[in-house]
Amino acid sequence: MSSSQQQETDVLINEQGYDDHFHEHHHGDKYQSNFITHYIFSQDHKIIARQFLVTGIFWAIIGASMSIIFRLQLGFPDDSMAWLKPILGKWITINDAGHGALNPEFYYALVTMHGTIIVFFVLTAGLSGTFANLLIPYQLGARDMASPFLNMLSYWFFFLASVVMFISLFLSTGPFAGGWTAYPPLSALPEASSGSGAGMTLWLVSLTFFVVSVLLGGINYVTTVLNLRTKGMNLWRMPLTVWALLVTAILGILSFPVLVSGFFLLIFDRGMGTSFYLSEIFVNGAAMQNVGGSPILYQHLFWFLGHPEVYIIILPAMGLTSEVLSVHARKPIFGYKAMVYSILAIGFLSFIVWAHHMFMSGVNPFISNFFVVFTLIIAVPSAVKVFNWISTLYKGNIRFTSAMLFAIGFVSMFISGGLTGIFLGNSAIDIQLHDTYFVVAHFHIVMGIAAFFGMFAGVYHWFPRMYGRFMNETLGRIHFWMTIVGAYAIFWPMHYMGMAGVPRRYYRFDTFDAFGHFGGLNEFITIAAIITFSAQLLFVFNFFYSIWYGKKMTTKNPWGATTLEWTTPIKAGHGNWPGKLPTVHRWAYDYSKEGADKDFIQQHLPLTDKEKAEEANH
Amino acid sequence: MSNSGIIEHKVKRGIHPPLFALWAAMASIVMMFGSLTSAYIVRQAAGNWLEFRMPDIFFYSTITILISSVTLHTSYWAFRNGRKNLYRLFLPVTLILGIAFVVMQYQGWQALYDIGVALDGNPGGSFFYLISGVHAAHVVGGLFALIVAAIYAFTLPYNYTEKRRRRFQLVLHYWHFVDILWVYLFLFLLIQ
């Protein structure tokens, strides 16, 4: 966009925009008075988004490093890990021959923490925390969130949760090691394993803070979307990112409290001697007093959150992908309303499928049928979305930027991972596949890698909006190709291991006759994981280097996008628009419209006479 | 005002954003108690369940919190209709009734313990303590809101403004909510 066109945009907003008397009340930006209120205890949604993102990146590095350590154990169980002694300390035991072995208890702790960190801290807070904060006010034409103060608290509760979880990594008894799902009795009896004591206590405290963060954030996001849209921005003009983030927030508000209920019962079992989840358990040969509890009850409460949680992770990625695909294919998103209804349908269905995680837990097989049917029905809205993404690409004028590559990669990953979900959703096939590497492969592709791809697409695309500079495209493309090839190399072979019945979470397989021949494959996966991990370091370098030294953003709307965040000044103050708010006249996807002089028309541009006539005819 | 000021000048759409946010939070709380009572039903259906008669004090506490809703609504009505003294009278009355409710719940737990229903015994008793305890925690939250409302009522000169009405409305809705929530829990625990 040339500078004269930019001036036109400013003039247009000034002439036709909605005057909310912002400047009569806020002479300049008084929030940016000093470093602490601007960068640390900031109430500006843009800064909070960056805080979520950087904290998420920090946790992603830790969570991924843990996976490298346990992959080393799985790929090379006989090699010495003595070189890790300086980092892991007593968790590496060195024998007389100088051979270092990873402590099996700590191996479980690594698996547990890897799951907890990536699921909650990276793909929930890091993903929807970042983009809900960044995009909801920007794309709706709002000055900020409904309550900037609660928004700030939301980040700081996440920070507190992070600190507590981080401390738990350094406990002498180790962090919690009973799996990220924290099933009782390992989570309910402090004496059950070394990580079940202080490690589990800190895990519970941390996740409770985390839930507070999600609820404060979610309530704010929903309130903002439903109440603070600028003039003309009706629901059917919202970009799909905002739709996805809205449904994500609703899912969070309705499902996380159920997890808290489960935690309450767990806390009472741990500290107050109740028996909600415990019955007739022996620890070290001694019978526990607890009688009458049911561990299945925890699984119900956990998965009532746990299943919506996977959509809390994937829906924002879907929204970001939809937006990036449309912008870089220079085409309106195909089937906008179908996309919205699919998001709503997925959100609704996510609440009535939780027991498909429990087919092998002893639930009634007749009840399982109910959950099988609804699980398989989720394939329908998911397929609608995939069809629409591919149709959006069809005959598009595709620009293969890093953001676009990751968005296309998201679609690829979502298809690959989604199809295996149909296998796992059947309770009969699940008898063979449950708790095997097939499950590991399925969820890593569909909600791990796919969600990361959506996040990367979002970061590359909105990086200029966040930092006023571009990320390096060459590094971005190298990052993409290494990641997509590496991710498939890691997880594709796991399907075959899973079909052969290789169980997940085992410390080593070479001692089992049935699985010993997978040794070579495990080595291959580990090497692929190390290469893929190093590609992520490239991203981290690119990210931080570009914040200070990236190519500067010289125009407001570098991608030629239609949405409102690209009408704000390059360095937008608190309040986003310096004068009036833009008024919205059209939907978010007017790309390559017939008769228009450019291949995009921004949302705040009024309808032309011809367009008005067309609208009247409908 | 300086921190929350930004939201005051937004496009207005019917419901006031903080009230909407409160309702979203209440939906969240409903899910929490919905899951607790569902867990209760699931666990009860599995057998080995302690049956006991609910102590009478819980009937009195229920009546108390019901009356407190009436008094708070009266105060709200008085505030809107310029009945300054009635407005100021019924706010502390509601506060006292609210505190009385929490005290009575505590006495109820003691009565339960006396008839041999222990927290760390059969889950049938544990659930009762847990559900009523978590509810009481939410009432305590409402008490703090009532204290703030009462301080406003007595320190600020009486003056009907839209802003003050909305603030009062937040307290009112939340208090009615914990009241109705308890009635549901009471009937649930009574019938089960």
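Residues numbered from 1 in each chain as written. Chains lettered and ligands numbered in written order. Predicted model: local features only at pLDDT ≥ 70, side-chain atom pairs only at ≥ 80, totals over all residues.

Things to note about the overall build of chain A
Scanning chain A from N- to C-terminus turns up 19 helices and 6 strands. The C-alpha atoms of chain A give a radius of gyration of 25 Å, which matches the 25 Å a tight globule of 618 residues would have. Taking the principal axes of the C-alpha coordinates as reference, chain A spans close to 80 × 55 × 50 Å. Counting the 618 residues in chain A, one finds 55% classified as buried. (Helix = DSSP H or I, 4+ residues; strand = E, 2+ residues; numbered from the N terminus. Rg over C-alpha atoms; globule rule 2.2 N^0.38 Å. Buried ≥ 20, exposed ≤ 12 C-beta atoms within 10 Å, placed from the backbone.)

What about the packing of helix α16 (residues 437-467) of chain A against helix α17 (residues 473-499) of chain A?
Packed helices, taken two at a time, are described by the angle their axes make and the gap between the axes. All names here are of chain A. Contact geometry of α16 with α17 gives a least axis separation of 8 Å together with a crossing angle of 165°. Taken together, α16 and α17 sit at an angle that is classed as roughly antiparallel. Helix-helix and strand crossings are classified by hand; for α16 and α17 the assignment is left-handed. Across the interface between the two elements, Y437, F438, V439, V440, A441, H444, I445, I449 and Y460 of α16 pack against G476, A487, F491, M494, H495, M497, G498 and M499 of α17. By residue class, the composition of the contact of α16 with α17 is 13 nonpolar, 4 polar and no charged. (Axes fitted to C-alpha atoms, helices over the stretch in contact; angles between N-to-C directions. Parallel < 35°, antiparallel > 145°, perpendicular 65-115°, else oblique. Left-handed = near helix turned anticlockwise from the far one by under 90°. Contact = placed C-beta atoms within 7 Å. Nonpolar A, V, L, I, M, F, W, Y, C, P; charged D, E, K, R; others polar.)

Concerning the interface of chain B and chain A
With 33 residues of chain B at the interface, the matching set in chain A holds 42 residues. Of all the secondary-structure elements, those providing two or more residues to the side of chain B that touches chain A are α1 (17-45) and α4 (123-155) of chain B. A class-by-class count of the residues in the side of chain B that touches chain A yields 20 nonpolar, 9 polar and 4 charged.

With respect to the nonpolar core
All names here are of chain A. Within the largest apolar cluster, 228 residues are counted, with the highest numbers of intra-cluster contacts made by L245, L246, F406, F410, A450, A451 and A457. Here this core gets 23 residues from one element, more than from any other, and that element is helix α6 (residues 104-140). Those residues within four positions of A457 in sequence are excluded, and the remaining contacts are L320, T321, V324, A403, F406, A407 and F410. (Core = buried A, V, L, I, M, F, W, Y, C linked by C-beta atoms within 7 Å.)

Brief notes about helix α11 (residues 336-349) of chain A
Residues and elements named next belong to chain A. Counted at 1.5 Å a residue, the expected span for α11 with its 14 residues is 20 Å, and the 20 Å between its end C-alpha atoms agrees. Within α11 the residues assigned to the buried category are Y336, M339, S342, I343, I346 and G347. Buried positions in α11, seen along its axis, are confined to an arc of 130° and lie on one side of it. (Expected span 1.5 Å × (residues − 1). Arc of directions from axis to C-beta.)

Observations concerning unusual backbone geometry
Residue and element names in this part refer to chain A. Residues P184 and P185 are joined by a peptide bond in cis, for which omega reads 5°. Relative to the assigned elements, P185 resides in the loop between α7 (148-168) and α8 (198-227). With a phi angle near 50°, N284 is a residue other than glycine that sits in the positive phi range. Secondary-structure assignment places N284 in the loop between β3 (282-283) and β4 (286-287). By the C-beta count within 10 Å, which is 6 here, N284 ends up exposed. Positive phi, normally seen in glycine, also occurs at S592, with a value near 50°.

What to know about the environment of A:F374
All names here are of chain A. One can find F374 in helix α12 (residues 365-377). F374 sits in the partly exposed class, given 19 other C-beta atoms within 10 Å. A sequence separation of 20 residues divides F374 from W354, and the C-alpha atoms of the two residues are 9.8 Å apart.

Considering the confidence of the model for chain A
Summary statistics for chain A give a mean pLDDT of 92 and a share of 96% for residues scoring 70 or more. Element-level pLDDT for chain A is lowest in helix α2 (residues 22-25) of chain A, with a mean of 56, against a maximum mean of 97 in α11(A). (pLDDT = per-residue confidence, 0-100.)

Focus: the packing of α17(A) against helix α18 (residues 519-549) of chain A
All names here are of chain A. At a minimum axis distance of 8 Å, the contact between α17 and α18 shows a crossing angle of 155°. If you check the angle between α17 and α18, you find them roughly antiparallel. Helix-helix and strand crossings are classified by hand; for α17 and α18 the assignment is left-handed. Of the residues contributing to the contact of α17 with α18, the split by class is 18 nonpolar, 6 polar and no charged.

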